[in-house]
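Examination of the molecular architecture
One-letter residues, chain by chain:
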Amino acid sequence: MTAICKSTLVLTIMLGSLLPAGGQTVLEPENQQVALAGELREVHGYGPPGYGETKKVDTPITYWVLDLPNPVNTICKPEKPGWAAEDCKATKQLKLFFPTLPANNGLELKAKAMKGRRVLATGILHRADTVGQITPIYMDVAELQPVQAPKP
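Residues numbered from 1 in each chain as written. Predicted model: local features only at pLDDT ≥ 70, side-chain atom pairs only at ≥ 80, totals over all residues. Heavy atoms only, no water.

Put plainly, a disulfide is one covalent bond tying together the sulfur atoms of two cysteines. Tallied over the entire structure, the rule returns one disulfide. Between the sulfur atoms of Cys-76 and its disulfide mate Cys-88 the distance is 2.0 Å. Residues Cys-76 and Cys-88 are joined through a disulfide that is left-handed, its torsion about the S-S bond being -65°. Linking Cys-76 in the loop between β4 (60–74) and α2 (84–87) with Cys-88 in the loop between α2 and β5 (91–97), this pair joins segments that are 12 residues apart in sequence. Judged by its relative accessible area of 25%, Cys-76 falls in the partly exposed class. Since its relative accessible area comes to 13%, Cys-88 is described here as buried. (Disulfide = S-S within 2.5 Å. Helix = DSSP H or I, 4+ residues; strand = E, 2+ residues; numbered from the N terminus. Buried < 20%, exposed > 50% of the residue type's maximum accessible area, 1.4 Å probe, protein only.)

Structure below.
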């Protein structure tokens, strides 16, 4: 099965499992690859120690994000019932993590070539549990493909 066929299959499965919830899309099942289309961008921000709390001492960082046209969410159980709005919020921006081995699979080079364009990112979504993951939901990327603009 070719990579394009696999991606199409993943996208088909993903589209069949979308549940609208208050203007957002909740993606199920958990721990399964999904394919999402959005704009691939590099974002400049602040890292440790305070991730932007004290910009004079925080390390400047650059990271990859996928800007989505609509908010997405995952199934979430908040740490405390009153924290649901913060612990389980949806997002239109996913921080992307590329594999480090074997040799990054060339994904970061692909990302650099597609920066600023619409892409189809395939990977597994996770709910952030540390400040270093930056966005409420992030993706461990398995594949990036350019999205062709529709012909007029």
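Still to come is the rest of the account.
As a further point, take the side chain of Asn-73. Examined against the element boundaries, Asn-73 turns out to sit in strand β4. A relative accessible area of 5% means that Asn-73 is categorised as buried. A polar contact of 2.9 Å, which involves the side chain of Asn-73, links it to the backbone oxygen of Cys-88. At 2.3 Å, the side chain of Asn-73 forms a polar contact with the side chain of Arg-127. (Polar contact = N/O pair within 3.5 Å; in protein donor to acceptor, adjacent residues only side chain to side chain.)

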